[in-house]
Amino acid sequence: MATVKVFPLKCVVQHYAWGKVGRDSEVANLISCNDSSVVIDEEKPYAELWMGAHPKGDALICDNRISQKTLGEWISKHPNSLGSKVKDIFQGQLPFLFKALAAKLHAQFPDRYPDKNHKPEMAIALTPFEALCGFRPVEEIIGFLKNVPEFHAVIGNEAAEILVNSRGDPRQVSDALKKCFTRMMNCEKKTFVDQLNMLVKRVLEEGAAGKDAAESNGELLLRLHSQFPGDVGCFVIYFLNVVKLKPGEAIFLGANEPHAYLYGDCIECMACSDNTVRAGLTPKFIDVHTLCEMLNYTPAPASEKIFPFVRDPCDPCVFMYNPPVPDFSVIKIEVPSSVEEYTISSTDSASILLVIRGEAIATADPSQINICRGSVLFIAAKEIVDLCINSDGMLLFRACCMQ
């Protein structure tokens, strides 16, 4: 019998506190659509669906012809399934972790421990999606220091003046940003709580009086403060870009780039790491010193954070997101309702396929698999999958390693 090289997976759900709750979560809806036995707890957060072979979330294989229980075990037994280049470059390991993510507030600041992999990542919006990412242009931060006295008080006169005087020298700007951010993160708790309460009170009063709160980023401030009252992370909005994505738009974040996913559902792919160093806006352990030392303090406008896709000139259904790292790429496959048969082409690397919308029979010798919304397939390198579609079009996302 031929080796089974395309098979369905049952993937691990992470119930982090920042995830959307119950059926408000795209993650919950995906897993329940694919498995009628799943019961969704309407009181529980469904934050992430991990699709891959990460030790903290190794997917289970749903094919009784395969003796290995998990994807990681199967890849260890069949390393050539990764593709020759991927196998050699990444020492026989699947180099990426693919995720579906449903955030109501997800603040994280990458990348040091608990494992040794670096952690660039990319998020592709499934719904309107809002995030903070990367340091704002220095003029915007200086503008907030002038217009938000409570923010200025937390930073302090000395650090604020150094930032103002650094303009024109990129190295000095980065050093000054580091000094300002470190001062904020190490601010005495009573000081930042008092200043934050004063700021919230002022924004509420100005709103009641009909005054525009944009100069204080008031709407976002109140939203974050309602979830994490008294948290120094609420001041992060004056340092980081606010990026709003439409479905299909993406952001790419290099290792050590600060970011927070504020709201929405997305597909995420990253180097296979679980490193997150936190600075606030989270109930988890906060490591301020490591965070402040490691961050990338290069300012850039929000527009530079949007990562463009490229349409495949040979296939109008394919949109490719190829970030400037070797670990992963993501392919969006959008099959129109007029198409009844579609072939998912082979790649030189193993890949993982997630169905967001639609139903089909997937054929890859010797397998025939019924797939629907929420289905996840592992596809070994060089394998072709033929779809016989029995729905009004399909939307799929595929993570792979485009060497």
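S.K.: Hey, could you run me through the overall build of the protein chain in this one?
M.R.: Counting secondary structure elements, the protein chain contains 10 helices and 22 strands. For the protein chain, whose C-alpha radius of gyration is 23 Å, the value lies close to the compact-globule estimate of 22 Å for 403 residues. In terms of principal-axis extent, the alpha carbons of the protein chain reach across some 75 × 45 × 40 Å. Taking all 403 residues of the protein chain together, the buried fraction comes to 58%. Computing the positive centroid from 40 side-chain charges and the negative centroid from 50, the protein chain places the two 3 Å apart.

S.K.: What is the right way to read the side chain of Lys332 from this model?
M.R.: Counting through the fold element by element, Lys332 comes out in strand S15 (residues 329-335). Accessibility expressed as a relative area gives 10% for Lys332, which makes it buried. Leave out the neighbours within four places in its chain, and Lys332 touches Gly248, Cys317, Val318, Phe319, Tyr321, Leu395, Leu396 and Phe397.

S.K.: I would appreciate a short explanation of the packing of helix H6 (residues 157-166) against helix H7 (residues 170-185) in the present structure.
M.R.: Helix packing for two helices is described by the angle between their axes and how far apart those axes are. As a packed pair, H6 and H7 sit with axes 9 Å apart at the nearest point and diverge in direction by 160°. Between H6 and H7, the crossing angle belongs to the class labelled roughly antiparallel. Helix-helix and strand crossings are classified by hand; for H6 and H7 the assignment is left-handed. From H6, Glu158, Ala159, Ala160, Ile162, Leu163, Asn165 and Ser166 reach across to H7, where they touch Gln172, Val173, Ala176, Leu177, Lys179, Cys180 and Arg183. A per-class count over the contact of H6 with H7 returns 8 nonpolar, 3 polar and 3 charged.

S.K.: How do you make sense of the pairing of strand S3 (residues 48-51) when you look at a structure like this?
M.R.: The side chains of a regular strand alternate, residue by residue, between the two faces of the sheet. Burial along S3 is two-sided: Glu48 and Trp50 and Leu49 and Met51, pointing in opposite directions, are all buried. Pairing analysis gives 3 bridges linking strand S2 (residues 12-14) to S3, with the strands arranged antiparallel. Within S3, the residue paired with Gln14 across the bridge is Glu48.

S.K.: How do you make sense of the confidence of the model for the protein chain when you look at a structure like this?
M.R.: Per-residue confidence for the protein chain gives a mean pLDDT of 90; residues scoring 70 or more make up 92%. Across residues 108-118, confidence stays below pLDDT 50; counting only partners more than four residues off in sequence or on other chains, it has 57 contacts. The model gives residues 274-285 a pLDDT under 50, and that stretch makes 53 contacts with residues more than four places away or in other chains.

S.K.: Hey, could you run me through the pattern of salt bridges in this one?
M.R.: Oppositely charged side chains can pair when the atoms bearing their charge come close. Under the counting rule described, the total for this entry stands at 21 salt bridges. When the shortest N-O distance is used, the salt bridge between Arg136 and Glu140 registers 2.9 Å. Arg136 gets classed as buried once you look at its relative accessible area, which sits at 8%. Accessibility expressed as a relative area gives 35% for Glu140, which makes it partly exposed. Linking Glu219 and Arg223 is a salt bridge whose minimum nitrogen-to-oxygen distance equals 3.1 Å.

S.K.: What exactly am I supposed to notice about the nonpolar core here?
M.R.: The nonpolar side chains of a soluble globular protein tend to be buried, and buried together. If you look at the biggest cluster of nonpolar residues, it comprises 52 residues, and the most contacted ones within it are Leu71, Phe98 and Phe378. If we skip the residues at most four places from it in the chain, Leu71 touches Phe7, Leu9, Gly52, Ala53, Asp58, Ala59, Ile61, Leu94, Ile352 and Phe378. Listed in part, the 46 residues of the second largest apolar core include Phe144, Ala159, Cys180 and Leu262.

S.K.: I keep staring at unusual backbone geometry and nothing clicks. Help me out?
M.R.: Each neighbour pair has its own omega, and for Asp365 with Pro366 the value is 10°, a cis peptide bond. Following the sequence through the fold, Pro366 ends up in the loop between strand S18 (360-364) and strand S19 (367-371). The phi angle at Gln91 is positive, at roughly 50°, despite the residue not being glycine. With respect to the element layout, Gln91 can be found in the loop between helix H3 (84-89) and strand S5 (96-103).

S.K.: What should I look at first to understand the sheet that holds S18 in this one?
M.R.: Across a sheet, paired strands are connected by hydrogen bonds in the backbone, their directions being either parallel or antiparallel. Strand order in the open sheet made by the 4 strands is S16-S21-S18-S19, with antiparallel pairing throughout. The open sheet terminates on both sides in strands that have one partner only, identified here as strand S16 (341-344) and S19. In this sheet, adjacent strand axes meet at a mean angle of 25° when their direction is disregarded. When S16 meets strand S21 (residues 385-389), the two strands line up antiparallel, connected through 4 bridges. Bridging from a neighbouring strand, Thr343 pairs with Asp386 of S21.

Basis of the calculations
- Residues numbered from 1 in each chain as written.
- Predicted model: local features only at pLDDT ≥ 70, side-chain atom pairs only at ≥ 80, totals over all residues.
- Heavy atoms only, no water.
- Helix = DSSP H or I, 4+ residues; strand = E, 2+ residues; numbered from the N terminus.
- Rg over C-alpha atoms; globule rule 2.2 N^0.38 Å.
- Buried < 20%, exposed > 50% of the residue type's maximum accessible area, 1.4 Å probe, protein only.
- Lys, Arg positive; Asp, Glu negative; His and termini not counted.
- Charge placed at Lys NZ, Arg CZ, Asp CG, Glu CD.
- Contact = heavy atoms within 4.5 Å.
- Axes fitted to C-alpha atoms, helices over the stretch in contact; angles between N-to-C directions.
- Parallel < 35°, antiparallel > 145°, perpendicular 65-115°, else oblique.
- Left-handed = near helix turned anticlockwise from the far one by under 90°.
- Nonpolar A, V, L, I, M, F, W, Y, C, P; charged D, E, K, R; others polar.
- Pairing = 2+ DSSP bridges.
- pLDDT = per-residue confidence, 0-100.
- Salt bridge = Lys/Arg side-chain N within 4 Å of Asp/Glu carboxyl O.
- Core = buried A, V, L, I, M, F, W, Y, C linked by side-chain atoms within 4.5 Å.

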